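Next come the chains, spelled out residue by residue.
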Amino acid sequence: YRHTQQIYLPSSAQTSFQNRLVATSSSRVVLPAKPNPCITMPLFVTRFLSFTTRRRRTLLKAATAVSVSLVGASTMISTWRFAEATQKHRDQWVGSGQPYYGGEWAYKFFLGALEEECGDKTKIDMVQLTTMLQASIIQRLDAMERKAWVENAYFHSDRKGLETPLKFRVDVDDRRENGKLGITAVMQGGLVVEKAGVGVTMLSKKLNPRMAKQMAHNHPALKEYLATGEVNDLSMWVNGISCIVHPVNPKAPTVHFNYRHFQITKDDGSVVAWWFGGGQDLTPIYLFEEDAHHLHSLLKRACDKHNPEYYPKFKKWADEYFYHTARKEARGIGGIFFDDLDSGSKENIFSFVKDCADTFEPSYFPILQKRSEEKYGETEKKWQALRHGRYVEFNLVYDRGTKFGFSVPGVNIEAVLMSLPLTVGFMYKHLPKHGTEEDKLLKILTGKPRDWATTASITGTSSG
């Protein structure tokens, strides 16, 4: 406003200039109260008016293009920042049922259903572990999608029509009157994540004789109690977390983990049997040996902290469990797997389970971040679909968790099947060409299991 200049206009033009400048600019236009041919304008306006008509049009076109670009960029950033601010203050994800407000809220949600059982510290600790880990995974994957949508140039050409960054849908299932509580969070169709699901469930119900008999095989105390003929006074309580991530990029591996705690109690609340189960495994579409070593070394560290026999035992168990018997090939490069773990105190076993669960994020997210920016094409996507087909076969035929889910009356079947990927392919007698990266992976999966945690030579590239 310091740089102004007096110019003289015909009185008939004053109103026209006022309307145009006030409507299109925030520049100050000073018009006298009474008709006066003198008007005060910014100096740049008077200079603009001194240009030729052709030059004015050129400058206006350039200014318009810059304005549109700036408005578009500011709108995109504003949308993201608004979402960030809204998330920060409300911490709310929307799905069916009541809104989900994060880990602390979920912890209290499940804890409220324990009622008189709140005196059991192990149950409380398990609920805290599962709900807080779920919340952390939701937040981290949400953040990766936001980063890919806003900042990462690699993804800008493939936003898939997303007007805002993709977020989790979180469904809260409150059927406590039937002994069922659950929070299922699913993200699908993103830029980093093709499909991801992380669910926490808690069941508290009467144990039917058939299930009691099945569980008694690995639990002598329960078997001994059933021998007395007392079956109808038993109840089952279980709390667990299950997670699956199928990335968009075929170079990024699929990961799965779950951890759970069971207790079988009498009507008076006394515990007849208890145990823990769980594990984590990696399923690469294209094998990077350094990724396999990274995951296995962290799992081994968590196991060795509690018992040096745990890792070799549970690694062998995973190699045997995650095996597609009909096709004679492993589902992936394994990890650890254990079930019916009840040797020692509940507190000590829970501490082991917690250390394994805490390993998930540092063992997987660095891999996901790095591999999601690898280049890929149509050939890699077709191979990914075929490997997803193998994953579906295993989950529907061999997976214990899927079988258990189908056996529970009134179960949320969508939560049971959230592990299935979006893109799946099946081809009759498909074999990759000899010497390709696909062929190298298949040789690893059909060969003898490798000791990834102590592998001396890690290439840092795809296998081979």
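Everything in this summary refers to the structure shown in the same document. Here the structure is a predicted model, which is why all the values come from computation and not from measurement. (Residues numbered from 1 in each chain as written. Predicted model: local features only at pLDDT ≥ 70, side-chain atom pairs only at ≥ 80, totals over all residues. Heavy atoms only, no water.)

1. Some details on the environment of Gly190
Under the convention used in this document: Helix and strand labels come from DSSP, where a helix needs a run of H or I of at least four residues and a strand needs a run of E of at least two; each type is numbered from the N terminus. Here's how the labels work: a residue is buried when its accessible area is under 20% of the maximum for its type, exposed when over 50%, partly exposed in between, all with a 1.4 Å probe on protein chains only.
Examined against the element boundaries, Gly190 turns out to sit in the loop between strand 4 (180-188) and strand 5 (193-206). Gly190 gets classed as buried once you look at its relative accessible area, which sits at 0%. Placed 48 residues apart in sequence, Gly190 and Asp142 show a C-alpha to C-alpha distance of 9.8 Å.

2. Overview of the pattern of salt bridges
Should their charged atoms come close, side chains of opposite charge can pair. Spelled out, the test is: Should a side-chain nitrogen of Lys or Arg be within 4 Å of a carboxyl oxygen of Asp or Glu, the pair is scored as a salt bridge.
The final tally for this structure, using the stated rule, is 26 salt bridges. In this structure, the salt-bridge partner of Asp291 is Arg371, at a minimum N-O distance of 2.9 Å. Here Asp291, found in helix 8 (residues 289-304), pairs with Arg371, found in helix 11 (residues 360-371); they are 80 residues apart in sequence, far enough to count as distant. As far as burial versus exposure is concerned, Asp291 and Arg371 are alike and both buried. One salt-bridge network, held together by shared partners, links Glu290, Asp291, Lys370, Arg371 and Glu374.

3. Describing the packing of helix 5 (residues 121-150) against helix 10 (residues 346-358)
Here is the rule we go by: Axis definition: a line fitted to C-alpha atoms, limited for helices to the stretch in contact. Angles are taken between N-to-C directions and run from 0 to 180 degrees. Angles below 35 degrees are treated as roughly parallel, those above 145 as roughly antiparallel, those between 65 and 115 as roughly perpendicular, and all remaining angles as oblique. The contact criterion used throughout is that any non-hydrogen atoms of two residues lie within 4.5 Å.
Interaxial distance between helix 5 and helix 10 falls to 11 Å at its minimum, and their mutual angle equals 5°. As the angle between them shows, helix 5 and helix 10 are arranged roughly parallel. Every residue of helix 10 that contacts helix 5 at Thr122, Asp125, Met126, Leu129 and Leu133 is listed here: Lys346, Glu347, Phe350, Val353, Lys354, Ala357 and Asp358.

4. Examining a nonpolar patch on the surface
The test is simple: Each patch is assembled from residues with relative accessible area greater than 30% and no salt bridge, linking like charges that lie within 9 Å and nonpolar side chains (Val, Leu, Ile, Met, Phe, Trp, Tyr) that lie within 5 Å. Accessible surface area values rest on a Shrake-Rupley calculation with a 1.4 Å probe, where residue burial reflects the displayed protein chains alone.
Side chains of Phe406, Val411 and Ile413 sit close together on the surface and give an oily, nonpolar patch of about 240 Å² of accessible area. With respect to the helices, strands and loops of the structure, Val411 is situated in the loop between helix 13 (400-407) and helix 14 (413-416).

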